[in-house]
Amino acid sequence: MALTFRARLTLWYVATLVCLLALTAAGLIYALDRIAQKKFDAALWMVGATEAENVAARLNARGLERPDTETVSNTRYRELLGYGEGALEKYVTVVDDSRRVADRTSNLPAPLPADDDLLTRSFAGEVVYQTVEVAGVGRLRVVYMPVRGGIVARPLVVMVGLPERFVAREVRSFDVMVGLALVTITLLTAASALLLAERAIRPVEEIAAAAEAVNARNLKERLPAPGTNDQLGRLVTVFNGMLARLDAAFDAQRLFTSRAAHELRTPLTILKGEAQVALGRRRTIEEYEAQLRSSLEEIDKLVEIIDDLLLLARYEGGEADIPREPVALGEVVRLVAEQLRHYAVRKGIELNVEAEELRVEGDAKALERLVCKLLENAVFYTPRGGRVVARLAREGGRVVLAVEDTGIGIAPEELSRIFDRFYRAPAARAMRPEGSGIGLAMAATIARLHDAAVDVSSEKGKGTHFTVCFPQSADVPHEVSAGV
Ligand SMILES: Nc1ncnc2c1ncn2[C@@H]1O[C@H](COP(=O)(O)OP(=O)(O)OP(=O)(O)O)[C@@H](O)[C@H]1O
Ligand SMILES: [Mg+2]
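The numbering scheme is per chain: residues are counted from 1 as the chain's sequence reads. Labels follow written order: the first chain is A, the first ligand is 1, and so on. With pLDDT at 70 or above as the cut-off, local features in this predicted model cover only qualifying residues; side-chain atom pairs require 80 or more to be listed or tallied, and sums for whole chains, interfaces and linings still use all residues.

Asks: Help me out: how do you make sense of the sheet that holds strand β9 (residues 387-395) in this one?
Replies: Note on sheets: strands pair through backbone hydrogen bonds, and any given pair is parallel or antiparallel. Paired strands, in this sense, are two strands between which DSSP finds at least two bridges. Think of it this way: any DSSP run of H or I at least four residues long counts as a helix, any run of E at least two long counts as a strand, and we number them from the N terminus. One open sheet accounts for five strands, arranged β7-β9-β10-β12-β11; its pairing is mixed. The outermost strands of the open sheet, each flanked by one partner alone, are β7 (350-355) and β11 (453-459). Pairs of neighbouring strands in the sheet enclose a mean axial angle of 10 degrees, with direction left out of account. Fitting a line to C-alpha atoms yields each axis, with helices limited to the stretch in contact; the angle taken between N-to-C directions then spans 0 to 180 degrees.

As structure tokens, then:
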């Protein structure tokens, strides 16, 4: 089962806290254990020292003079030390310097197990401790107390053991307290973590709910800003930014559809009108022919618009992967100019080409279309007697195409819109009613596909200057000749 974000957040938080608490508790318990052990050992030392003193005193009191290994028996010591009587809380074993057990308390079924190393150290005068398991008695903490010097005739080690549970009892009660505290803190933390996670997530859920309510019809709406400068504030800002872009894209799409419909409707209406007129009465063959020719012009125009739109859609959708081949752009410019020359001459316009033999990398057909769109505009929107120049030159290492005319120009407020599909300035519309307004959109898209920058400057009534600046890498050395 997938956990909610809130549950995961709580779980992480609680798990981290429990780990930290457990580590702290373990540290505390360990420290306390050490302290209790030290305290216990100190008490054991006292008991051991007293016992050792007793042993020495009793040995001296009975006047045993330096017994040697052969003569002193265990029974003899026993008599002297008096461990024969009564049950004792403490467990004592006395070992002499020949490592024989001299005596032990009667509560021990066997002498305390002595460690050789510890015995040696103790005979050397050190007080040492050991924890041992004694069958029938349990775990004992044992102190090895040396008795030597002038007090007794021969050195002895008095091993005194006390049950370890005396220490364990104290520590265990602390363990229980720590355990209880751990559980309580964990439960309280889990509850507060749930509440905190709920509080932290609420704004995100509000954003999600608001976002869910957004659809294509209410793209103008925006999410309420949380008024904070944090991640949530940023999320809302980013989301609102995305909505704004979507809104703009939808608007552009709607505008495009209505303009496209309008552009397509005009020739269709003309066609319909012509057909109705033709069918109005009987006509001669010649009249019908003239009628059909006129219809064909409108049909050509329709086909041209649709072709351009399809091509634009393909270029924009990245569907048409443009080839990257060296294209002799100078030749392209001359070729396009020649195609337009006839029209320019008829209109009484001087059309000049000043093109260097330069190459760029890209799609020859698309580049020809780009040059054509710019150059035909210059010729179309320049009145009789005007001048159009197409230049191709290298500027600062880049190949730059410039198309300049002395035509009607473009008003500053229209400049930003001329690259929109179907936009046509009123002056251009009046001068050439048959345009459809997609030439520059196509030119801009082709330029973008070639990583080229299009620039325009214009003065109303004076003329217009378009430049297309190709990127540095697109400037291909002029050895290969490419067909256009
Ligand atoms: N050289 C120019 N001089 C003046 N105005 C221009 C020039 N080039 C473009 N424009 C303006 O930009 C508008 C858009 O140009 P675009 O080439 O996209 O469309 P169009 O020429 O009107 O139609 P078509 O789709 O047939 O090219 C034109 O209608 C015109 O107002
Ligand atoms: Mg045009």
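Asks: Hey, could you run me through the environment of Y381 in this one?
Replies: Here Y381 shows up in the loop between α8 (364-380) and β9. Between the C-alpha atom of Y381 and that of G407, which follows or precedes it by 26 residues, the distance is 5.5 Å. In this description, any two residues whose backbone-derived C-beta atoms lie within 7 Å of each other are considered to be in contact. Every residue in contact with Y381, bar those within four places of it in the chain, is listed here: G407, I408, A428 and M431.

Asks: Which parts of the structure should I look at to understand helix α7 (residues 329-347)?
Replies: Each α-helix turn comprises 3.6 residues. Residues three or four places apart therefore point the same way. Helix length check: α7 (19 residues) gives 26 Å between terminal C-alpha atoms against 27 Å at 1.5 Å per residue, within 8%. Bend is computed residue by residue as the angle between axes fitted to the seven residues ending at the residue and the seven residues starting at it. In α7, a bend of some 45 degrees at L340 exceeds every other bend along the element. Three exposure classes are used, based on other C-beta atoms lying within 10 Å of a residue's own C-beta, which is placed from the backbone: buried for 20 or more, exposed for 12 or fewer, and partly exposed in between. Of all the residues in α7, the buried ones are L329, G330, E331, V332, V333, V336, A337, L340 and A344. Residues of α7 that are buried make contact with β6 (325-328), β7, β8 (359-362), α8, β9 and β10 (398-405). At the exit of α7 stands G348, carrying a positive phi of roughly 70 degrees. Here, expected helix span is obtained from the residue count minus one, scaled by 1.5 Å.

Asks: Help me understand the site of ligand 1, please; the structure alone is not making it clear to me.
Replies: Only the C-beta atom matters for nearness: placed from the backbone, it must lie within 6 Å of the molecule or strand for the residue to count as near. Close to ligand 1 lie 22 residues, the nearest being A425, A428, G435, G439 and L440. Every element with two or more residues in the shell around ligand 1 is listed here: α8 and α11 (439-449).

Asks: Looking at this structure, I do not really get the sheet that holds strand β2 (residues 101-104). What am I missing?
Replies: Taken in spatial order, the five strands of this open sheet run β2-β1-β5-β4-β3, and their pairing is antiparallel. Looking at which strands have only one partner, the edges of the open sheet turn out to be β2 and β3 (128-134). Ignoring strand direction, the axes of neighbouring strands in this sheet form an average angle of 25 degrees. As judged from the eight bridges shared by strand β4 (residues 138-147) and strand β5 (residues 156-163), these two strands associate in the antiparallel manner. Directly across from L140, in β5, lies its bridge partner P163. In the packing of helix α3 (residues 116-123) onto the sheet, the strands contacted are β1 (91-96), β3, β4 and β5, and the crossing angle to β4 comes to about 30 degrees.

Asks: How should I be thinking about the packing of helix α5 (residues 231-280) against helix α6 (residues 285-316) in this particular structure?
Replies: To describe two helices that pack against each other, one gives the angle between their axes and the distance between the axes. At a minimum axis distance of 10 Å, the contact between α5 and α6 shows a crossing angle of 165 degrees. It follows from the interaxial angle that α5 and α6 lie roughly antiparallel. Remark: the crossing between α5 and α6 carries left-handed chirality. Contacts between α5 and α6 involve A260, E263, L264, P267, I270, L271, E274 and A278 from the first element and Y288, Q291, S294, S295, E298, K301, L302, I305 and L309 from the second. Partitioning the contact of α5 with α6 into residue classes produces ten nonpolar, three polar and four charged. What sets the label is the angle itself: under 35 degrees gives roughly parallel, over 145 gives roughly antiparallel, 65 to 115 gives roughly perpendicular, and the rest give oblique. Should the near helix be turned counterclockwise from the far one by less than a right angle, the crossing is left-handed, whereas a clockwise turn marks it as right-handed. Each residue gets one label: Ala, Val, Leu, Ile, Met, Phe, Trp, Tyr, Cys and Pro are nonpolar, Asp, Glu, Lys and Arg are charged, and the others, such as Gly, are polar.

Asks: I'm lost on the nonpolar core in this one. Help?
Replies: Across soluble globular proteins, nonpolar side chains have a tendency to be buried as a group. A set of buried Ala, Val, Leu, Ile, Met, Phe, Trp, Tyr and Cys residues, joined through C-beta atoms within 7 Å, is what we mean by a nonpolar core. Residues L329, V333, L370, V371, L375 and V379 are the most contacted members of the largest nonpolar core, which totals 50 residues. Elements represented by at least two residues in this core include exactly α6, β6, α7, α8, β9, β10, α11 and β12 (463-469). Looking at this core element by element, the count peaks at eleven residues for α8. Once residues lying within four places of it in the same chain are set aside, the contact partners of L370 are A443, I446, A447 and V468.

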